[in-house]
Amino acid sequence: MQLRYNYRAYPDAAQRHALARAFGCARVVWNDCLRDRKEAHAARLPYVTSAELSRLRITQAKRTAERAWLADVSAVVLQQALRDLDTAYKNFFDSLTGRRRGRKMGPPRYKSKKDTRQSIRLNSNAFSLQDDGTVYVAKVGNLKVKWSRRLPTAPTSVTVTKDSCGRYFLSFVVDTAPDVLPDVETDAGIDLGLSAFAVLSDGQKIASPRFLRRAERKLKRLQRELSRKQKGSKNRAKARSRVARQHARVADRRRDFHHQASTQIIRDSQAVYVEDLSVSGLGRTRLAKSVHDAGWSAFTRMLEYKAVKHGRTFARVDRFFPSSQVCSACGFRDGPKPLHVREWACRECGTVHDRDHNAARNVLVEGRRIVAAGRAETPNACGAPVRRAPVPAQRGEAGSPRKARTSQAGIPGLQSREHVKIQPWRRSL
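Keep in mind the model is a prediction, meaning the values are calculated, not measured. (Residues numbered from 1 in each chain as written. Predicted model: local features only at pLDDT ≥ 70, side-chain atom pairs only at ≥ 80, totals over all residues. Heavy atoms only, no water.)

### Structural notes on the packing of aromatic side chains
Within the structure shown, the criterion is met by eleven aromatic pairs. The interplanar angle of 80° and the centroid separation of 5.9 Å between the aromatic rings of Tyr-47 and Tyr-89 together place this pair among those described as edge-to-face. You can see Tyr-47 sitting in the loop between α1 (13–42) and α2 (50–59) and its partner Tyr-89 sitting in helix α3 (residues 75–97), a full 42 residues away along the chain. According to the relative accessible area criterion, Tyr-47 is partly exposed, its value standing at 45%. For Tyr-89, a relative accessible area of 9% corresponds to the buried category. Look at Phe-197 and Phe-299: their rings are 5.0 Å apart centre to centre, the planes differ by 80°, and that puts the pair in the edge-to-face class. One end of the pair, Phe-197, is in strand β9 (residues 196–200); the other, Phe-299, is in helix α8 (residues 296–309), with 102 residues separating them in the sequence. Overall, the relative accessible area of 0% leaves Phe-197 in the buried class. The buried category is assigned to Phe-299, whose relative accessible area is 0%. (Phe/Tyr/Trp six-rings, centres within 6.5 Å; stacked < 30°, edge-to-face > 60°. Helix = DSSP H or I, 4+ residues; strand = E, 2+ residues; numbered from the N terminus. Buried < 20%, exposed > 50% of the residue type's maximum accessible area, 1.4 Å probe, protein only.)

Structural data, given as structure tokens:
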């Protein structure tokens, strides 16, 4: 399986200038190739192939006076930008034809130099890990990296990213075998909510940290200061950077909380079942800010890829399953209830239920039924078939490897280090 490991990088002034040049060249190649394909489509001409675009917009463009500066960066950066455009088109076409599940993908769009996030991607031909702990990037130099943990194997590619608050990150993709954990006897159904972030079927409650709500007071002050600055001025750019740094701290704290909670659940449970919530729909209600602050989608994706990584069972229960309406003691369906009702008594057996705990127990029972049935499609409460979602490749930052790893690769100075607990918000302060 493929995992992604993210590290903070600290380029000097010359390296930042070289990276900015690489970001710009990759963006220009993307936009030029996208423009050619859009013009060909508008003129009802055949689809322009990648080989033709590579010859016109990279090889021959370097020989012209208008694009001669493309030769100042590594050719791998430009080729990878074209490959990324091919991937974007493939995802768009697969979404149109139904081969790609999930939300519909739009066509590729032009990139702007004003985008606050810039990135380039390189394969193993354009970067290497050095013995002194630095990472050599072609035509950039040796980047100083904060190694918070070891790489399990040699990386196959790296993505250099500059985020909205000016931080640089190196994201390595590695191919590694699953790290199967010892079997345990327990499984868990999880009910996600707002009053409590998650309630497990055994009664355990995970409090909701509300990172955005706690940072709102400072964010309001910073955003007021930003709104008073003149557009285009240096003071406005500084104020925008301060707002971006505060949002980055909130996102880092939320991500770290998700990693710790999901890792603990996966280690303690042999099987994990969650409800497939419509977060995009809930994001259009009056609870939108609280829903996005909780980050349910990112949390469930972490549970899903960590279950694959550690040999656990993971299943999603359909969102229309009436988990809050059914009595977990007798199975009687008591009907819908408003959100302010947190406890209710079953009219059939008289059992008093905590709303979230009862829902988690029902999710556990339904998840066991789905796994036992072993079918790709299972009916929901309305009787309609619902196809279980495939396990996606892990997109966020991977968890740290355990001490029991026997084969480790990467920076030699880190070979003897023990397990490192990641706290990204502390690194960003």
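Next comes the rest of the write-up.
### Regarding the pairing of strand β5 (residues 141–146)
As defined by bridge partners, strand β1 (residues 2–10) adjoins β5 across three bridges and the pair is classed as antiparallel. Within β5, the position partnered with Tyr-10 by the bridge is Lys-144. Inspection of the sheet shows strand β4 (residues 134–137) paired to β5 by four bridges, in the antiparallel sense. Each bridged residue has a counterpart across the sheet, and for Val-137 the counterpart in β5 is Gly-141. (Pairing = 2+ DSSP bridges.)

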